[in-house]
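# Architecture and fold: a report
What follows is the residue order along each chain.
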Amino acid sequence: MNDLSKTSHLEQSENQEMKDMPLVSVSMPVFNSERYIAEAIESILAQTYTNFELIIVDDGSSDRTRKIIDQFTDQRIIKVYSDQNRGLITTRNLIAGMAKGKYLALLDADDRAFPERLALQVEFLENHQADLCGADHFTLNQVTGERKSSKQRHSNSDIQALLSVCSPVCNPAMMGKLEIFKQFPYKASYMHAEDYCLWTEIALAGYRFANIKQKLITYRLHSTQTSVNHLQAARNVFSNAQANYLKKLGISESCLPRPLPFYERLKYGITFIQLMNQRISHISIGANMELYARFQFRGNGLWTPFTRLERVCIAFYGSILGRMGKPA
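Structure report, in brief. (Residues numbered from 1 in each chain as written. Predicted model: local features only at pLDDT ≥ 70, side-chain atom pairs only at ≥ 80, totals over all residues. Heavy atoms only, no water.)

Assignment of secondary structure puts Thr-139 in strand β6 (residues 132-141). Not counting the four nearest positions on each side in its chain, Thr-139 is found in contact with Glu-146, Arg-147, Lys-148, Tyr-219 and Leu-221. (Helix = DSSP H or I, 4+ residues; strand = E, 2+ residues; numbered from the N terminus. Contact = heavy atoms within 4.5 Å.)

Here the focus is the pairing of strand β3 (residues 77-82). With 6 bridges joining them, strand β2 (residues 52-59) and β3 adopt parallel strand pairing. Looking at the pairing, Asp-59 lines up with Ser-82 of β3. For the crossover from β2 across helix α3 (residues 65-70) to β3, the handedness is right-handed. (Pairing = 2+ DSSP bridges. Right-handed = clockwise from strand over helix to strand, strands pointing away.)

It is worth spelling out the environment of Cys-313 at this point. Along the chain, the position of Cys-313 falls in helix α13 (residues 304-324). Taking C-alpha positions, Cys-313 is 9.9 Å from Ile-270, a pair spaced 43 residues apart along the chain.

For the rest of this paragraph, the subject is the pattern of salt bridges. Enumeration over the complete set of coordinates arrives at 14 salt bridges. Asp-58 serves as the salt-bridge partner of Arg-66, at 3.0 Å between the closest nitrogen and oxygen. Looking at Arg-66, the relative accessible area reads 23%, which means it is partly exposed. Judged by its relative accessible area of 0%, Asp-58 is buried. A salt bridge links Asp-131 to Arg-208; the shortest N-O distance between them is 3.0 Å. Pair noted here: Asp-131 is in the loop between α5 (117-127) and β6 and Arg-208 is in the loop between α8 (194-204) and β9 (209-221), with a separation of 77 residues, a long-range link. Residue Asp-131 is classed as buried on the basis of its relative accessible area of 5%. The class for Arg-208 is partly exposed, based on a relative accessible area of 28%. Through salt bridges with shared partners, one network takes in Arg-92, Asp-108, Glu-194 and Asp-195. (Salt bridge = Lys/Arg side-chain N within 4 Å of Asp/Glu carboxyl O. Buried < 20%, exposed > 50% of the residue type's maximum accessible area, 1.4 Å probe, protein only.)

Running from amino to carboxyl end, helix α11 (residues 262-279) crosses helix α12 (residues 285-296) at an angle of 150°, the nearest separation of the two axes being 10 Å. Judged by the inter-axis angle, α11 sits roughly antiparallel to α12. Classified by chirality, the crossing of α12 by α11 is right-handed. On α12, the residues touching Arg-265, Leu-266, Tyr-268, Gly-269, Phe-272, Ile-273, Met-276 and Asn-277 of α11 are Asn-288, Leu-291, Tyr-292, Phe-295 and Gln-296. A class-by-class count of the residues in the contact of α11 with α12 yields 8 nonpolar, 4 polar and 1 charged. (Axes fitted to C-alpha atoms, helices over the stretch in contact; angles between N-to-C directions. Parallel < 35°, antiparallel > 145°, perpendicular 65-115°, else oblique. Left-handed = near helix turned anticlockwise from the far one by under 90°. Nonpolar A, V, L, I, M, F, W, Y, C, P; charged D, E, K, R; others polar.)

Right, dumping it as structure tokens:
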């Protein structure tokens, strides 16, 4: 075989390998999830988009989880079993390291993806100016059976602004470029709030977020979730990451939303909204209202109409000052 033929054969082999590579890798870490794992796996296998691999890593389960996983024989499933529990952070990073797709889609073992989920997110990321996207979703309370629709913000500006006060994306609904998850692995020092900390790091690095305006998963709420069992630890990690995020945006911790008397709330709330709108362009009035709501700490009641009016007024005034570029 001459050199030209060898080169041609090599190119054909490389092209075939590229065709055989999945575009999407689905990350599914698992630990003692016998109650929900079958439904989670079935929801991925039922996707209308089929060019994916599903990486399931069982992190030392002691219940029937592994036996249930073994019942699935679809060739797109990659199964990894660990004899010891190494934790969610290690497992997620392991999956990202194994993944072969252009995109990494997250789904927890107790959640369910709707059939169009992967198709719509692939289409969105391939055609829009975003590096990662989440989606609207339902939350299902396993105790009460109550199902609620999410109230998401959808633009990059709103998401990056709201990262200063909460996590404005639903973690198991996220899909993003695999290279980002490889560049920014989950960190053990962020345990119990690792998702929020990851999104702030990615945002500060200049990557763009979006949420698709369509419900793509059902997110379960139940008593065995990590976020429920380690609530105080999660709050502590969140607070540190939140302060760091504001610092990197050039905003003092003194502006952090907190319960304050009325006049102090107006003073710090306006300053906070103003600074956020100076640092991040095109924040919507709705997102500005959510930012200020964190200073009010009020539920619905007798004062609700006045609370909402205050919220609207401060959101408008602070955003106008910020967009005018006036010093805070």
